[in-house]
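What the coordinates show
Chain by chain, the residues run as shown.
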Amino acid sequence: MGNRKVEQGETTRTALVEAAAALFAEKGYADTSTGEVVARANVTRGALYHHFADKEEIFRAVLETVEGDIFDRVNAATAASIEAGAGDPASLLRVGTDTFLDACLDRPVQRILLQESTSVLGWSHWQRLDNPRCPRRLLAHGLAQAVDAGMIAEQPAEPLTHLLYGALVQAGMIIAGADDPVATRAAMGTAVERLLDALFAAGTGHPVRDRHRSLAP
C-alpha cells in the first residue's frame, strides 16, 4: 500500500512538472498561473501544494528537468561517439558542445533555461545551481580529461568550465533570440569549434589551422 502511494505521488509530481514545463515554454513564467498548471495536469490544487510550496519551486523542478534532458542527450551523443571509435577527449568535447547547441533550438530550452531562469531565480542563484544532471558537470569532466591527456594546457578545469559554459549559454541566448535560429546555431557552432581549436592548440603547442575559413564572410 505504501509503495502504491509513493508511485501515485511520483506520477502526480511528474504530471505537474510536465504541465508546468509546457505552459512556461508557451506563455512564460509570469503569465502562467498555478491554476493553469493544475488544470493541465488534471490534479487538485491540494496536490500541487503537497509537492511544491509555490510557483517558483515548480519552476526550479522544471528547470532541473530541462537541464537533465540536455544532460541525457549529451551523454547519449558522446556514448555513440565512443562506440564509433571517436572517444578521445577532444572529440567528445566537440560532440558535447554540438549537442548542447542543438538543444538550444528547442523551445523549452530557449524559454526556460536560456531566457527565464535568471529572471525567475536570480543570476547569483542560477550560477550556484548544482543539479547533478546539469550539463555543466559533463563539460567539467570533459575538460578535466582533456587537460589530463595533455590536449589542453595544464590548468585547473573549474575556471575553464565556467568560462566555456558561459560562452555556450550566451551562444544559446543568441540562438533563441535570432530571426533565423538554424543559421545562427550554425554560426555559433563554427565559433565554438574555433574556440576549442585554440584550446587544443595551446595544449599541444601546434598552431591553429582555421578549418572553417571557407565559411567566413
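Predicted model only: the values in this text are computed from it and were never measured.

1. What to know about helix α9 (residues 157–176)
Taking 1.5 Å as the rise per residue, α9 with 20 residues should run 28 Å; its terminal C-alpha atoms sit 28 Å apart, in good agreement. For α9, every residue scored as buried is listed here: A157, L160, T161, L164, Y165, L168, V169, A171, G172, I175 and A176. One face of α9 carries all of its buried residues, which in axial projection span an arc of 160°.

2. Focus on the packing of helix α5 (residues 89–103) against α9
Contact geometry of α5 with α9 gives a least axis separation of 9 Å together with a crossing angle of 30°. Here α5 lies roughly parallel to α9, going by the angle between them. Two packed elements cross with a definite hand, and for α5 against α9 that hand is right-handed. Residues T97, F100 and L101 of α5 pack against Y165, L168, V169, A171 and I175 of α9.

3. A few points about unusual backbone geometry
One non-glycine residue with positive phi stands out, namely N42, at about 60°. Along the chain, the position of N42 falls in the loop between α2 (34–41) and α3 (45–51). With a relative accessible area of 70%, N42 lands in the exposed category.

4. Examining the UniProt feature "DNA-binding region" (unreviewed entry) in the chain
If you check UniProt for "DNA-binding region" (unreviewed entry), the listed places come out as residues 33–52 in our numbering. In this annotation, residues 33–52 is assigned 75% helix and 0% strand; the end-to-end C-alpha distance for the span is 14 Å.

5. Considerations on the pattern of salt bridges
Following the criterion strictly, the structure yields eleven salt bridges and no others. In this structure, R60 and E56 form a salt bridge, with 2.6 Å as the shortest nitrogen-oxygen distance. Of the two residues, R60 and E56 are both situated in helix α4 (residues 55–83); the distance of four residues between them amounts to about one turn of the helix. Residue classification places E56 among the partly exposed positions, given a relative accessible area of 27%. E116 serves as the salt-bridge partner of R111, at 3.8 Å between the closest nitrogen and oxygen. Judged by relative accessible area, E116 falls into the buried class, the value being 13%. The network of salt bridges with shared partners includes D69, R73 and D106.

6. Considerations on the nonpolar core
Core analysis: the largest hydrophobic core is formed by 53 residues, its most contacted members being F24, F59, V62, F100, I112 and I152. The residues touching I112, leaving out its near neighbours within four places in the chain, are A21, F24, A25, F59, V62, L63, V66 and S117.

7. Re helix α8 (residues 135–148)
For α8, built from 14 residues, the straight-helix expectation of 20 Å at 1.5 Å per residue is met to within 8% by its first-to-last C-alpha distance of 20 Å. Of all the positions in α8, only P135, R136, L139, G142, L143, A146 and V147 are classed as buried. The arc that holds the buried residues of α8, viewed along the axis, is 135°, so those residues lie on one side. Looking one or two residues past α8, G150 carries a phi angle of roughly 80°, positive in sign.

8. Observations regarding the packing of α8 against α9
Their axes nearest at 9 Å, the elements α8 and α9 cross at an angle of 130°. The angle between the axes of α8 and α9 places the two elements in the oblique class. The crossing of α8 and α9 is right-handed. Between α8 and α9, the residues in contact are P135, R136, L139, A140, L143 and A144 and A157, L160, T161, H162, L164, Y165 and L168, respectively.

9. Digging into the environment of A187
Mapping A187 onto the fold places it in helix α10 (residues 181–204). Taking the C-alpha atoms as reference, A187 lies 9.5 Å from A171; in sequence the two are 16 residues apart.

Rules used in this analysis
Residues numbered from 1 in each chain as written. Predicted model: local features only at pLDDT ≥ 70, side-chain atom pairs only at ≥ 80, totals over all residues. Heavy atoms only, no water. Helix = DSSP H or I, 4+ residues; strand = E, 2+ residues; numbered from the N terminus. Expected span 1.5 Å × (residues − 1). Buried < 20%, exposed > 50% of the residue type's maximum accessible area, 1.4 Å probe, protein only. Arc of directions from axis to C-beta. Axes fitted to C-alpha atoms, helices over the stretch in contact; angles between N-to-C directions. Parallel < 35°, antiparallel > 145°, perpendicular 65-115°, else oblique. Left-handed = near helix turned anticlockwise from the far one by under 90°. Contact = heavy atoms within 4.5 Å. UniProt positions renumbered as here; feature names shortened; annotations may be inferred. Salt bridge = Lys/Arg side-chain N within 4 Å of Asp/Glu carboxyl O. Core = buried A, V, L, I, M, F, W, Y, C linked by side-chain atoms within 4.5 Å.

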